[in-house]
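This is what each chain is made of:
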Amino acid sequence: MLSRRPQATIDLAALEYNFARVKQLAPNSKVLAVLKANAYGHGMLMVAQALHQADALGVARLDEALALRAGGIAKPIVLLEGFFHADELAQIVASNLQLVIHHRDQAEALLAAQLDAPVRVWLKIDTGMHRLGIYPHEFNELHQRLSQSSNVQGPLRLMSHFASSDEPDKPATANQLTLFQHITQGNAGEHSLANSGAVLNWPQSHGDWVRPGLMLYGVSPMAEAVGKQHGLKPVMTLSSSVIAVREVSAGDAVGYGGSWIAAHNSRLAVVAMGYGDGYPRGAGNNADVLINGKCHPIVGRVSMDMITVDIGTAPVAVGDKVVLWGADLPVEELARRVDTIPYELLCNITSRVQFSYIRHT
C-alpha cells in the first residue's frame, strides 16, 4: 500500500562520521555533544545511543536529561540552562546530572541547598553574547564560593558562548576569547568555548572541551556554506511521496489564493507534505524538490498537508519518492530560499513525520 506519510530518514553512520570529523578538527579536546531540542529534530535518544564515543551530552533542560536517563543513557549529561527552581536539585543529584551555573541566583540557590551528594558545575561567563552567563566582575567571588562549597564537585569547569563564531571575519569572537582568557587566568578547571562555528573557524578556542551541535548533523553553521564544504555528511533526509499527477492549462491558477498561474500547459505533482508536517510555508513559489533525481519547482502556496510541484514532461508517477532535503538538496539551501536558518527547519519537523534510522556506510 502506498504510504502518504512523510519520512525523516536518519543516517546514524553519517552522524558517527561527523563526530569523527569533530575529533579530527579538535583532536586534543573532549566532546560535549549537544542534543537539545530533540537532537536538533533528529531524535534525541537514538542520537545519544549512536554517539557512544562522546565524552558527555548536552541538553537545554531537565526534562530532556530525564528522558535520556529513562532511555538508558548513562553517559554524563550537562544541563546547559542549569536549573530553574531549587526544588529541581534533588532530582538532578539523583539522576547524576551536571549543571551550568549562568547567573547569581542559581549560584546562591546551589550554595544554600542541602544535597545528598555534590554536583559537577560548569560556570558560564558572559564574555559578550549578553544572553546568559555571570558578569565578568562577579567571577572571582562566585568562583571562590562555589569552589569551596561541599555542594560542588570540583574543580569547576569554566565556559562561555560565542555570539559570532560562524562569521570568521568579525572581531567579536577574538574579543570574547581574549576576555575569557583574562578573566579565568590562574584558575584551575577545564575550559569550554567552542560551538560548531568555533570548531570549524577558531582552533585557538578549542580548549579542553568543544560543544558541537549543528555540525554533528552534517549542516553548516555558516550562512553561505553547506556541510559538504566542511567535510560533513547530512544526517537527515526528509522525503515524501507523489499522491496525484494532474494536468494544467496555460492560465490556470494553482492552490490557495491562485498565487501561481501556469504560463503554459504543464503537469503538476501533488506531494504529501505541508506546514502541518513542519515544512516551511515560505517555500511556496520559492524552492525546489527532487523527484527521481531531478529538481522541480514548488508552485503555489504550501498548504497544511500538500505542496504542488511543476514537473512539466518529466516521467513522474503516483508513488514516486520526493526529497525535500538531503544529501543532494541541502537543507541550508532551502533555509536561504525561505529566509531562515537550518536549525529552525530541522527543529520544526512535527510528529506527523515518520522517523526511521539507518546505518549506510
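Relevant structure appears above.
Residue indices follow the written sequence of each chain, beginning from 1 at its first position. In view of the model being predicted, local features appear only for residues whose pLDDT reaches at least 70, and side-chain atom pairs are presented and counted only at 80 or more, with totals across whole chains, interfaces and linings using the full set of residues. Values shown for side chains rest on all heavy atoms present in the structure; no hydrogens or waters enter the calculation.

Undergrad: So, the environment of L238: which residues are in play, and what are the values?
TA: Mapping L238 onto the fold places it in strand β10 (residues 236-248). Sequence separation of L238 and A54 is 184 residues, and the distance between their C-alpha atoms is 26 Å. In this analysis, two residues are considered to be in contact whenever any of their non-hydrogen atoms come within 4.5 Å of each other. Setting aside anything within four residues of it in sequence, one finds L238 in contact with Q7, A8, M273, Y279, V322, V323, L324, W325, I349 and V353. Each helix is a run of H or I in the DSSP string that is no shorter than four residues. Each strand is a run of E no shorter than two, and both are numbered from the N terminus.

Undergrad: Requested: an account of the pairing of strand β5 (residues 98-101), with residues and values cited.
TA: Side chains Q98 and V100 project from β5 onto one buried face, and the interleaved L99 and I101 project onto a second face that is buried too. Here strand β4 (residues 77-79) runs beside β5; their pairing, made up of two bridges, is parallel. What sits directly across from V78, in β5, is Q98. Handedness of a crossover is defined as follows: orient the strands so they point away from the viewer, and if the path from the first strand over the helix to the second runs clockwise, the crossover is right-handed. Handedness of the crossover joining β4 and β5 through helix α5 (residues 89-94) is recorded here as right-handed. Pairing between β5 and strand β6 (residues 119-124): three bridges, direction parallel. The residue bridging I101 from the neighbouring strand is L123, located in β6. In this view, the connection linking β5 to its parallel neighbour β6 by way of helix α6 (residues 104-112) has right-handed handedness. To sort residues, take the accessible area from a 1.4 Å probe on protein chains only and compare it with the maximum for the residue type: under 20% means buried, over 50% means exposed, and anything in between is partly exposed. Two strands make a pair as long as DSSP finds a minimum of two bridges between them.

Undergrad: Any chance you could break down the pattern of salt bridges for me, citing the residues and the numbers?
TA: By definition, a salt bridge exists where a carboxyl oxygen of Asp or Glu is found within 4 Å of a side-chain nitrogen of Lys or Arg. One pass over the full model with this rule turns up 15 salt bridges. A salt bridge links K170 to E167; its shortest N-O distance comes to 3.4 Å. For E167, a relative accessible area of 34% gives the class partly exposed. Its salt-bridge partner being R352, residue D305 comes within 2.9 Å of it at the nearest N-O pair. With a gap of 47 residues between them, D305 in the loop between β15 (294-299) and β16 (307-310) and R352 in the loop between α11 (342-347) and β18 (354-358) connect regions that are remote in the sequence. Salt bridges here are not isolated pairs; linked through shared partners, they connect R104, E108, E138, E141 and R145.

Undergrad: Pulling in residues and values, what's your account of helix α7 (residues 139-148)?
TA: Listed as buried for α7 are F139, L142, H143 and L146. Buried residues of α7, viewed axially, fall in a sector of 100 degrees; they line one side. Exposed positions of α7 whose direction lies more than 90 degrees from the buried face are N140 and Q148. Buried residues along α7 sit against α6, β6, β7 (152-159) and α8 (172-184). The arc in question is the one traced by the directions running from the helix axis out to the C-beta atoms.

Undergrad: Tell me about the packing of aromatic side chains, and please be specific about residues and values.
TA: To pair, rings of Phe, Tyr and Trp, with the six-membered ring standing in for Trp, must have centres within 6.5 Å; the planes then decide the type, stacked if under 30 degrees apart, edge-to-face if over 60, and tilted in the middle. This structure, assessed with the given rule, holds three aromatic pairs. Seen from their ring centres, W122 and W209 are 5.2 Å apart, and the 70 degrees between their planes marks the pair as edge-to-face. With W122 in strand β6 and W209 in strand β9 (residues 209-210), this pair connects stretches of sequence that are 87 residues apart. Judged by its relative accessible area of 3%, W209 is buried.

Undergrad: Can you lay out the nonpolar core for me, pointing to particular residues and giving the numbers?
TA: By nonpolar core is meant a set of buried Ala, Val, Leu, Ile, Met, Phe, Trp, Tyr and Cys residues that side-chain atoms within 4.5 Å join together. L35, L110, Y279 and W325 are the most contacted members of the largest nonpolar core, which totals 106 residues. The biggest single contributor to this core is helix α1 (residues 12-25), with five residues. Discounting chain neighbours no more than four positions away, the residues touching L110 are F83, L89, L99, I101, L115, V119, V121, L146, N151 and V152. Core analysis: the second largest hydrophobic core is formed by six residues, V248, A262, L268 and V299 among them.

Spatial relationships are all this shows, so hold off on functional conclusions.
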